[in-house]
Amino acid sequence: MNKMRKPLLTAIIPIYNGEKNLRETLNNILQIKYQALELLLINDGSSDSSDMICREYEALDERIHYIRQENRGIAASRNRGLDLARGEYICFWDQDDIVLEEGYFELLDKIQNESAQMGMCSTSRLIQGKASNYESLQDRIYSGEGIQKGLLYPLLFRGYQYDFVDVGNYLYGSVWKCIFRTDFIRYNYIQFQKFVNYEDDWIFVTHALSCAQKVVTISQAGYCWRINENSESHKGIYVSDLQKRFKALDEYVFKYLKNSIKDETILDEYKKVNLCEHYVELYRNTANVRLTYIRECHKNVKEYLYDTSYKSQLLCRKKLRKSAYRRRIVLNSLQYGGIAITYLVSRVYDRLEHWMERIQWIVDIERRHKMK
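Residues numbered from 1 in each chain as written. Predicted model: local features only at pLDDT ≥ 70, side-chain atom pairs only at ≥ 80, totals over all residues. Heavy atoms only, no water.

Evaluation of the coordinates by the stated rule reveals zero disulfides. Lacking any disulfide linkage, Cys 54 is separated from the closest cysteine sulfur, that of Cys 91, by 16 Å. Here Cys 316 is not cross-linked by a disulfide; its sulfur's nearest cysteine counterpart is in Cys 276, at 3.4 Å. By relative accessible area, which is 5% here, Cys 316 ends up buried. (Disulfide = S-S within 2.5 Å. Buried < 20%, exposed > 50% of the residue type's maximum accessible area, 1.4 Å probe, protein only.)

A positive phi is found at Tyr 189, a non-glycine position, where the angle reads about 50 degrees. With respect to the helices and strands, Tyr 189 occurs in the loop between α6 (182–187) and α7 (200–211). Looking at Tyr 189, the relative accessible area reads 70%, which means it is exposed. (Helix = DSSP H or I, 4+ residues; strand = E, 2+ residues; numbered from the N terminus.)

Turning next to the pattern of salt bridges. Here the structure, examined in full by the defined rule, presents 18 salt bridges. We note a salt bridge from Glu 135 to Lys 177, for which the minimum N-O separation is 2.7 Å. Pair noted here: Glu 135 is in strand β7 (residues 130–135) and Lys 177 is in the loop between α5 (145–156) and β9 (178–181), with a separation of 42 residues, a long-range link. For Glu 135, a relative accessible area of 0% translates into the label buried. What makes Lys 177 buried here is its relative accessible area of 0%. A salt bridge links Arg 327 to Glu 277, with the shortest nitrogen-to-oxygen separation between them at 3.5 Å. In this pair, Arg 327 is assigned in helix α12 (residues 325–336) and Glu 277 in helix α9 (residues 264–286), connecting sequence segments 50 residues apart. Under the relative-accessibility criterion, Arg 327 is labelled buried at 10%. Judged by relative accessible area, which is 24%, Glu 277 ranks as partly exposed. A single network of salt bridges, built from pairs that share partners, joins Arg 78, Asp 94, Asp 200 and Asp 201. (Salt bridge = Lys/Arg side-chain N within 4 Å of Asp/Glu carboxyl O.)

Encoded structure:
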């Protein structure tokens, strides 16, 4: 760190039945030398030994503060942490990941030096104990319209190549790679929302980017994400009212995007891309439906596709990068194979993807291909 005053950073960690990796995560945090750190452990109604572990570590380090609540979900836990945070800066870590101190606090240093509202670091991914590159960013300072082209649009149009998008930035909407000014988040009423079961990070980050005037990024990895097959994004739970949730999600997101994006053409293209993303998720959702509900599920998918004029939306699939494997396969299947055959195509790919993400060398090839 430089000679500037070290600001207080509040790190919020929601805890839910995390006993498997929680000690390793907290041991990693105890080794962090940065003392101006407030760590909020929010226990979201765990039924395992997480409560005991959190109490134990709270007693070991005065930077750790432990809060318990009834089970309300990760979005509610993070929002409670937002309400309680005392730091000038705020970040969100997961209960089973690893913070890479040098890179993470280099990011905090740069945000402070540049008077930015937020920043992002590069990340790595931990698979069966082996770390590999996951998301590679550049050492950059973004401001004004540069934030949209270089950061916001790559998140909105991830995998799609448009002239108004900096295609060199292949970004994910994960919040744990980010540090934010706390007053910036509170002033713009940015909070975590729960519509489906995977998009709360993406909403928070895109909302923040749509409001920010200056954002910094660093090439140094500051966070290591551990793949957790028990997480909500990996559980594969069938969502019966997915179409209804899509509608609520879109209404919320479009509201803040309209305040930021003044080009109606770009907004229209995003609406098409967004619908195609919904189609892919609808088919992914069908892989987890019980046999007794398959007919009803397929009926709902068909109605949604026709209600949204799916064939006219599919034109944007031509903008997809070659590395957007699932989307290219599902959307091309919809175009050329039809609604019924795409159920089988999506299910086969789903099984193949779960198998491939366990094999390190395949993951490494996939990363290099996507980051080109």
